[in-house]
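Given next are the chains, with one letter for each unit.
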Amino acid sequence: MQILHVLTNPVIVSVVVLCALSLAKLNVLLAMIAACIAGGIAGNLPLFGSDSNSIMNLLCEGFSTNAPTALAYILLGTFAQAITTVGLADVITVKLSHIIGKSKYKLLLLLTICACMSQNIIPVHIAYIPILISPLLPLMDALCIDRRAAACCSAFGLEMPYIAIPFGFGLIFQTVVATNITKSGLAVEVSDVTAANWYLAAAMGLALLVSVFVLYRKPRSYSARTDAQPQPCAAQPEAHVDATNNGEQTTPHATTLSYKHYVTIAAIGVVVLVQCISKDLSLSTICGFAVMIAGKAISWDDIDSQLQGGFKLMGLIAFVMLVAGGFAQVLGASGGVDQLVSLGVSIMGHNKWFAASVITIIGLFVTMGIGTSFGTVPILAVLFVPLCQSLGFSTPATILLISAAAALGDAGSPASDTTLGPTSGLNADGKHSHIWDTCVPTFLVFNIPLMAAGIILAQFI
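Since this is a predicted model, take the numbers as computed values, not measurements.

K.L.:
Would you mind going over the overall build of the protein chain in detail, with residue names and values included?
P.N.:
Across its full length, the protein chain holds 20 helices and two strands. In the protein chain, buried positions account for 54% of the 461 residues. Residue pairs at least 24 apart in sequence account for 76% of intrachain contacts in the protein chain once pairs closer than 6 positions are excluded. Element-wise, carbon and sulfur atoms account for 67% of the exposed surface of the protein chain, whose accessible area totals about 18600 Å².

In structure tokens, the structure reads:
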């Protein structure tokens, strides 16, 4: 009977449908809507009607949850399009090609460092991705880099810092963990969370090395690629790469910064400054775009074309985030999350290994379903913290399990910033699959080590 309850749980049903349809290459937006409907029906919610608890009403009401994020993504796409129009991206690409030379590992290291910095030192989250990664695609193609490795590097930099570094987004996440564990009866500080979570960061670091040097080290060609199948990559002769020429090798061209370039650099600085002060990504992007217009880097008559370019770059991602908010609303109303947690508690028994496995698996499904590791912590902590105490888990082990359970699924979820962000940059030329080139690789590379680290280390620390 318990197995039947698990299989028919709205969260399980919705996540399975979402993953199955996404792997079948259905557009992620349509897959999420179908999964949302399936989860709602499994939770005995009416599909439509005047009832405020109908699936379609809840779906639309939930849009407001991620509306600020969706607006920010559209504006970020517009800003990235403006930077490309001005030509600063071309100059940066050529200069980086001189610095990086023929070493693909230097470029992958650069992507990892930039991703890490976006979470704390310059807390702009995924705002940098369409600005930095899109112009680098021709250089990546010239170096025959497998973009799955680049997706793993970016996902690592977007997830590891908030798990282990108590600064920027990391401070927010670790404060959420510490606060909710304390409310659940076990007093901990942020410093305790940091000390425990470095084990998870180390596991992710080792996994990243495996992905770069083992799994996705072979050259991969994207020169004429129209599907998700790898092709052999021929050796490329030394040449300059022109980001405006579809990645073709060209003769050297001017890389001198002009007036418009300096205005654009100032605009980028304004975005970072306003973001650090206001913590509002939309406001900071508007300010940066306004600087470009006021400085005449972008003409007044070109604003419409920049907005259209922004929608093309980030429009789908923005709508996916809106639907993700509705998805979480439907799952919450279905009672599936609470039911899943209660079922987990009832089947654990007193086996610490089994209990740790159940906690992390439930965390994986909840995070995959609601799309946010930050929002998963309060759901898990209220029941699992007392349970960990009763089973004899130490305080660091309890912190480790709650953090691992929350972080699981962030990498690999079709609706997560950790996957949507890298895809927005790597698929700028339409040659990178969100599901097969970002979600599947990051899921396998990071979730398996995170789960293993949580389950195993919780027994000994």
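Still more to cover.
K.L.:
Which residues make up helix H14 (residues 303-334), and what values go with them?
P.N.:
Compared with the 46 Å implied by 1.5 Å per residue over 32 residues, the 44 Å span of H14 between its first and last C-alpha is a close match. Residue methionine 314 marks the point of greatest curvature in H14, where the axis turns by about 60°. Where H14 ends, the next residue or the one after it, glycine 335, has phi of about 75°, a positive value.

K.L.:
Explain helix H10 (residues 169-183) to me, and be specific about the residues and the numbers.
P.N.:
Between the first and last C-alpha of H10 there are 21 Å, a value that for 15 residues agrees with the 21 Å anticipated at 1.5 Å per step. Burial in H10 covers these residues: Gly170, Phe173, Gln174, Val177, Ala178, Asn180 and Ile181. Trailing H10 by a residue or two, glycine 185 shows a phi angle of about 110°, which is positive.

K.L.:
Any chance you could break down the packing of aromatic side chains for me, citing the residues and the numbers?
P.N.:
The tally for this structure, following the rule as stated, stands at four aromatic pairs. Taking the centre distance of 4.9 Å and the plane angle of 25° together, the rings of tyrosine 105 and phenylalanine 213 count as stacked. Here tyrosine 105, found in helix H7 (residues 104-117), pairs with phenylalanine 213, found in helix H11 (residues 190-215); they are 108 residues apart in sequence, far enough to count as distant. Above the plane of the ring of tyrosine 222 lies arginine 147, whose end atom (NZ or CZ) is 4.3 Å from the centre. For the cation-ring pair, lysine 352 lies above phenylalanine 393, with the distance from its terminal atom to the ring centre recorded as 4.9 Å.

K.L.:
Now, about the packing of H10 against helix H18 (residues 395-407): what can you tell me, with residues and values included?
P.N.:
One way to put it is that H10 packs onto H18 with a least axis distance of 11 Å and a crossing angle of 125°. With respect to each other, H10 and H18 are oriented oblique. You can see that H10 and H18 cross each other, and the crossing is right-handed. On H18, the residues that touch Phe173, Val177 and Ile181 of H10 are Ile399, Ile402, Ser403 and Ala406. A per-class count over the contact of H10 with H18 returns six nonpolar, one polar and no charged.

K.L.:
Break down the nonpolar core for me, with residues and values.
P.N.:
Of all hydrophobic cores here, the largest spans 119 residues; its most connected members are Met32, Phe384, Phe393 and Phe446. In this view, phenylalanine 393 contacts Lys352, Ala355, Ala356, Cys388, Thr398, Leu401, Ala458 and Gln459; residues no more than four positions away in its chain are not counted.

K.L.:
Tell me about the environment of arginine 217, and name the residues and values.
P.N.:
Relative to the assigned elements, arginine 217 resides in the loop between H11 and strand E1 (240-241). For arginine 217, a relative accessible area of 42% puts it in the partly exposed group. In this structure, the C-alpha to C-alpha distance between arginine 217 and isoleucine 145, residues 72 residues apart in sequence, is 7.8 Å. Not counting residues within four places of it along the chain, the set of residues in contact with arginine 217 comprises Lys104, Tyr105, Ser211 and Val212.

K.L.:
How would you summarise the pattern of salt bridges if you had to cite specific residues and measurements?
P.N.:
Within this structure, the stated rule accounts for five salt bridges. Counted as one network, the salt bridges with shared partners bring together Asp146, Arg148, Arg220 and Asp437.

K.L.:
Break down empty space enclosed by the protein for me, with residues and values.
P.N.:
This model, assessed by the stated rule, comprises one cavity of 30 Å³ or more. Each pocket or cavity is described by its volume, and for the largest cavity that value is around 30 Å³. In terms of lining residues, the largest cavity is bounded by Ala89, Ile92, Thr93, Leu96, Ile131, Leu132, Pro135 and Leu136. Mapped onto the lining of the largest cavity, the elements with two or more residues apiece are helix H6 (88-100) and helix H8 (128-142). Along the lines of polarity and charge, the residues of the lining of the largest cavity split into seven nonpolar, one polar and no charged.

K.L.:
Quick one: what's the story with the packing of helix H12 (residues 259-278) against helix H13 (residues 281-294), residue by residue and with numbers?
P.N.:
Running from N to C, H12 and H13 point in directions that differ by 155°, and their axes come no closer than 8 Å. One way to sum up the angle between H12 and H13 is to call them roughly antiparallel. For the element pair H12 and H13, the recorded crossing hand is right-handed. Residues Val263, Thr264, Ala267, Val270, Val271, Val274, Gln275 and Ser278 of H12 pack against Leu281, Leu283, Ser284, Thr285, Cys287, Gly288, Val291 and Met292 of H13.

K.L.:
Tell me about the side chain of serine 413, residues and numbers included.
P.N.:
Examined against the element boundaries, serine 413 turns out to sit in the loop between H18 and helix H19 (417-426). Look past the residues within four positions of serine 413 in its chain and what remains in contact with it is Met368, Thr419 and Cys439.

K.L.:
Explain unusual backbone geometry residue by residue, including any values.
P.N.:
Of note in the backbone geometry, asparagine 44 takes a positive phi value of approximately 65° without being a glycine. Assignment of secondary structure puts asparagine 44 in the loop between helix H3 (28-42) and helix H4 (55-61). Judged by its relative accessible area of 70%, asparagine 44 is exposed. The phi torsion at cysteine 144 lies on the positive side, around 60°, for a residue other than glycine. Its location among the elements puts cysteine 144 in the loop between H8 and helix H9 (147-164).

K.L.:
Before we move on, could you go through the side chain of lysine 104 and cite the residues and values that matter?
P.N.:
Mapped onto the elements, lysine 104 comes out in helix H7. Among all residues touching lysine 104, those that are not within four sequence positions of it are Leu143, Ile145, Arg217 and Lys218.

K.L.:
With reference to specific residues and values, describe the environment of isoleucine 359.
P.N.:
Its location among the elements puts isoleucine 359 in helix H16 (residues 352-370). Classification of isoleucine 359 by relative accessible area gives buried; the value is 0%. Put simply, isoleucine 359 and alanine 404 are 45 residues apart on the chain and 9.1 Å apart in space, counted from C-alpha to C-alpha. Once residues within four sequence positions are removed from consideration, isoleucine 359 is found in contact with Met348, Phe384, Cys388, Leu401 and Ala405.

Reading guide: rules and limits
Residues numbered from 1 in each chain as written. Predicted model: local features only at pLDDT ≥ 70, side-chain atom pairs only at ≥ 80, totals over all residues. Heavy atoms only, no water. Helix = DSSP H or I, 4+ residues; strand = E, 2+ residues; numbered from the N terminus. Buried < 20%, exposed > 50% of the residue type's maximum accessible area, 1.4 Å probe, protein only. Contact = heavy atoms within 4.5 Å. Areas by Shrake-Rupley, 256 points an atom, 1.4 Å probe, with all protein chains shown as cover. Expected span 1.5 Å × (residues − 1). Bend = angle between axes of the 7 residues up to and from the residue. Phe/Tyr/Trp six-rings, centres within 6.5 Å; stacked < 30°, edge-to-face > 60°. Lys NZ or Arg CZ within 6 Å of the ring centre and 35° of its normal. Axes fitted to C-alpha atoms, helices over the stretch in contact; angles between N-to-C directions. Parallel < 35°, antiparallel > 145°, perpendicular 65-115°, else oblique. Left-handed = near helix turned anticlockwise from the far one by under 90°. Nonpolar A, V, L, I, M, F, W, Y, C, P; charged D, E, K, R; others polar. Core = buried A, V, L, I, M, F, W, Y, C linked by side-chain atoms within 4.5 Å. Salt bridge = Lys/Arg side-chain N within 4 Å of Asp/Glu carboxyl O. 1 Å grid on protein atoms, 1.4 Å probe; cavity = no way out; pocket = protein on both sides within 12 Å on 5 of 7 lines; lining within 4 Å. Points joined across faces, edges and corners; volume = space filled by probe spheres on them.

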